[in-house]
2 protein chains.
Amino acid sequence: MKSSRDVAGDSGASATDRMRASALKDDVSFLLARANALSLSAGHAALAPFNLRVRSYSILALVADDIRPSQRDIAEHLRLDPSQVVSLIDDLQTRGLVKRDPDPTDRRTNVVVMTDEGRELFRSAHDAVRAAERDLHSHLSPDQRERLSELLLLVAFPD
Amino acid sequence: MKSSRDVAGDSGASATDRMRASALKDDVSFLLARANALSLSAGHAALAPFNLRVRSYSILALVADDIRPSQRDIAEHLRLDPSQVVSLIDDLQTRGLVKRDPDPTDRRTNVVVMTDEGRELFRSAHDAVRAAERDLHSHLSPDQRERLSELLLLVAFPD
DNA sequence: TATTGTTATACTCTATAACTATA
DNA sequence: TATAGTTATAGAGTATAACAATA
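This text gives an overview of the structure that appears in the document.

Rules of the game
Position numbers for residues count from 1 along each chain, tracking the sequence in the order it is written. Chains carry letters and ligands carry numbers; both start at the beginning, A for chains and 1 for ligands, and go up in the order they are written. In view of the model being predicted, local features appear only for residues whose pLDDT reaches at least 70, and side-chain atom pairs are presented and counted only at 80 or more, with totals across whole chains, interfaces and linings using the full set of residues. By convention in this description, side-chain values take in all heavy atoms of the structure and omit both hydrogens and water. Convention adopted: a line fitted to C-alpha atoms gives each axis, helices being fitted over their contacting stretch, and angles between N-to-C directions are expressed from 0 to 180 degrees. Strands here mean DSSP runs of E at least two residues long; helices mean DSSP runs of H or I at least four residues long; both are numbered from the N terminus. Oblique is the label for any angle not covered by the other classes, which are roughly parallel (under 35 degrees), roughly antiparallel (over 145) and roughly perpendicular (65 to 115). We call two residues in contact whenever any of their non-hydrogen atoms come within 4.5 Å of each other. Any residue outside Ala, Val, Leu, Ile, Met, Phe, Trp, Tyr, Cys, Pro, Asp, Glu, Lys and Arg is labelled polar, Gly included; the first ten of those are nonpolar and the last four are charged. Handedness of a helix crossing follows the sense of rotation of the near helix relative to the far helix, less than a right angle counterclockwise being left-handed and clockwise being right-handed. The buried area of a pairing is the accessible area, by a 1.4 Å probe, that goes missing from both parts when the two are put together, added over both. One speaks of a salt bridge when a side-chain nitrogen belonging to Lys or Arg is within 4 Å of a carboxyl oxygen belonging to Asp or Glu. Here a polar contact is taken to be a pair of N or O atoms separated by no more than 3.5 Å, where protein atoms must pair a possible hydrogen donor with a possible acceptor and residues adjacent in sequence count only if both atoms sit in side chains. It suffices for a single heavy atom of a residue to lie within 4 Å of a molecule or strand for the residue to be listed as near it.

1. Comments concerning the packing of helix α4 (residues 54–63) of chain A against helix α6 (residues 82–94) of chain A
All names here are of chain A.
Working step 1: As a packed pair, α4 and α6 sit with axes 10 Å apart at the nearest point and diverge in direction by 80°. Between α4 and α6, the interaxial angle falls into the category roughly perpendicular. Residues R55, S56, I59 and L60 of α4 touch α6, and the partners they reach there are Q84, L88, I89 and L92.
Working step 2: A class-by-class count of the residues in the contact of α4 with α6 yields five nonpolar, two polar and one charged.

Here it is, written out as structure tokens:
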């Protein structure tokens, strides 16, 4: 049904094939966007049982292990606006997963720390995310995954 | 100013350093999201002079070179909902950059084709995007860029 | 003066459902 | 019965500006 239009084209290739060979084919930005979209979908699916979104999960990850970032630190690392961090932390705090600690050396800043509940939820969520990621990249060799991770680190943190 | 809190921490590393070493450090999803955010910013900045967004630019790229995709084809390749493609094409068509051609073999489907104006605008925009991308990845070697592209292709199109 | 957190607002993007015309 | 395009709507994400408290 769909191929009837395709064979009517000037070449033997389908529109889908021609799109793959389009100007976007070696466009890292486009590949990044598409890869990210797939990864986001998988992430949200994996996190739904924990009532977390990718962004709230990322905040939990940054707050785990006594990292003690300020809201500003979190905003910069996650490339979020500080005002977005406010409502994300509000939500996590309401749920008892993190809390705001006053910084004794600067009364303007809040240091965000994890509660025991948060730690426990994050542990489970972390496992689920890693499993989903393993599944999503199961067609890559361990070596390819390693190299992808290294290269992405360079692109994500250019400094 | 900022380091006063950091040195008060239990380790000598700043919160920023500790965040980099967090559970997210080897999380391909996170690196993908951050790299994509940087790439999107650069892309939008490069495309602003042409009055294009990344998504409308991507559609132009898919419509160039007599690819003749249907709106459905575009939606799938770009991972957009078909309803989003409608308004994107509406806008591009209003601006005279693309047009909808009826498919002679299936009266339900529109084949999207480029106008001469669209072709010309795309050529300039394409150059600008490639320049911005070169700039963004100037700290990567040509070999690293090549490998990144190959690996991303595998992740973006797993099939 | 500059910075942290906060509130408010508007805009873009994403996801879903329902409808029509065709197949 | 299924598919292409369309309309409508709500929710999530993004960007910006302004403010109070503090440095």
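2. Let's talk about the environment of A42 of chain A
Working step 1: Among the secondary structure elements, A42 of chain A is positioned in helix α3 (residues 28–47).
Working step 2: C-alpha separation for the pair A42 of chain A and T94 of chain A, spaced 52 residues apart in sequence, amounts to 26 Å.

3. Points about the packing of α3 of chain A against helix α3 (residues 28–47) of chain B
Working step 1: At a minimum axis distance of 9 Å, the contact between α3 of chain A and α3 of chain B shows a crossing angle of 140°. As summarised for this structure, α3 of chain A and α3 of chain B are arranged oblique, according to the angle between their axes. Crossing handedness for the pair α3 of chain A and α3 of chain B: left-handed. Every residue of α3 of chain B that contacts α3 of chain A at S29, L32, A33, A35, N36 and S39 of chain A is listed here: S29, L32, A33, A35, N36 and S39 of chain B.
Working step 2: Broken down by class, the residue content of the contact of α3 of chain A with α3 of chain B amounts to six nonpolar, six polar and no charged.

4. Re the interface of chain B and chain A
Working step 1: In this complex, chain B contributes 67 residues to the contact, which on the side of chain A involves 67 residues.
Working step 2: Between chain B and chain A, a total of about 6700 Å² is buried, with carbon and sulfur atoms accounting for 62% of that surface.
Working step 3: The interface formed by chain B and chain A includes two salt bridges.
Working step 4: Between R20 of chain B and D159 of chain A there is a salt bridge whose closest N-O contact spans 3.1 Å.
Working step 5: Taken together, the links from chain B to chain A amount to 20 residue pairs in polar contact (both at pLDDT 80 or more).
Working step 6: At the level of elements, α1 (3–7), α2 (15–20), α3, α4 (54–63), α5 (71–77), α7 (116–136) and α8 (142–156) of chain B are the ones that each hand at least two residues to the side of chain B that touches chain A.
Working step 7: Ranked by residue count, the leading element in the side of chain B that touches chain A is α3 of chain B, at 13 residues.
Working step 8: Grouping the constituent residues of the side of chain B that touches chain A by class yields 33 nonpolar, 17 polar and 17 charged.

5. Focus on the protein's contact with DNA strand D
Working step 1: R55 and D81 of chain A together with Q71, R72 and R108 of chain B are the nearest of the 18 residues found near DNA strand D.
Working step 2: Within 4 Å of the protein, the atoms of DNA strand D are drawn from sugar and phosphate moieties in a proportion of 67%.
Working step 3: Backbone polar atom of R72 of chain B to a phosphate oxygen of DNA strand D: 2.6 Å apart, as the coordinates give it.
Working step 4: Side-chain polar atom of R108 of chain B to a base oxygen of DNA strand D: 2.7 Å apart, as the coordinates give it.
Working step 5: Listed by contribution, the elements that provide at least two residues to the surface near DNA strand D are α6 of chain A together with α5 and α6 (82–94) of chain B.
Working step 6: Element by element, the count of residues in the surface near DNA strand D is highest for α6 of chain B, at three residues.

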